[in-house]
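Read off the chains here:
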Amino acid sequence: MSKSKSSYGGGYSQRDAQRDTSATKKQAQEAWHKARNDAAKSKGWSVPKDRNKK
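The rules behind each value
Counting starts from 1 at the beginning of each chain's written sequence and moves along it residue by residue. Restriction of local features to residues with pLDDT of at least 70 applies here, the model being predicted, together with a cutoff of 80 or more for giving and counting side-chain atom pairs; totals for whole chains, interfaces and linings are based on all residues. Excluded from the side-chain calculations are hydrogens and water; all other atoms, namely the structure's heavy atoms, are used. What counts as a helix is a DSSP run of H or I of at least four residues, what counts as a strand is a run of E of at least two, and both are numbered from the N terminus. Type-normalised accessible area, obtained with a 1.4 Å probe on protein chains alone, sets the label of each residue: buried when under 20%, exposed when over 50%, and partly exposed for intermediate values. Should any heavy atoms of two residues lie within 4.5 Å, those residues are counted as being in contact. Throughout, the Shrake-Rupley method with a 1.4 Å probe supplies accessible areas, and for residues the shown protein chains are the sole cover considered. We count a salt bridge whenever a side-chain nitrogen from Lys or Arg sits within 4 Å of a carboxyl oxygen from Asp or Glu.

Draft legend 1. Fine view of the overall build of the protein chain. Scanning the protein chain from N- to C-terminus turns up two helices and zero strands. With 54 residues in all, the protein chain has 19% of them scored as buried. Across the protein chain, the fraction of contacts at a sequence separation of at least 24, relative to all contacts at a separation of at least 6, is 8%. Working note: accessible area of the protein chain is about 4,500 Å², and carbon and sulfur atoms make up 51% of it.

Rendered as structure tokens:
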């Protein structure tokens, strides 16, 4: 696991996921954002439901 801890995922970062799955950086970012959007819909991870509204 990386030395830096993200504020979400208990310290498991996008870089950790990328390394563990052999994904590209772009694939890892897309998956991370999809997961955040899904969490926002279900009110999980303390993600505001309207996080993408401007």
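Draft legend 2. Quick peek at the environment of Lys25. When you line up the elements, Lys25 lands in helix α2 (residues 25-41). Along the chain, Lys25 and Arg15 lie ten residues apart, while their C-alpha atoms are 7.7 Å from each other.

Draft legend 3. Layout of the pattern of salt bridges. Here the structure, examined in full by the defined rule, presents two salt bridges. Measuring nitrogen to oxygen at the nearest pair gives 2.6 Å for the salt bridge that ties Arg19 to Asp16. With a gap of three residues between them, Arg19 and Asp16 both fall in helix α1 (residues 14-21), about one helical turn apart. In this structure, Lys34 and Asp38 form a salt bridge, with 3.1 Å as the shortest nitrogen-oxygen distance. Highlighted residues: Lys34 and Asp38, both in helix α2, separated by four residues, approximately one helical turn.

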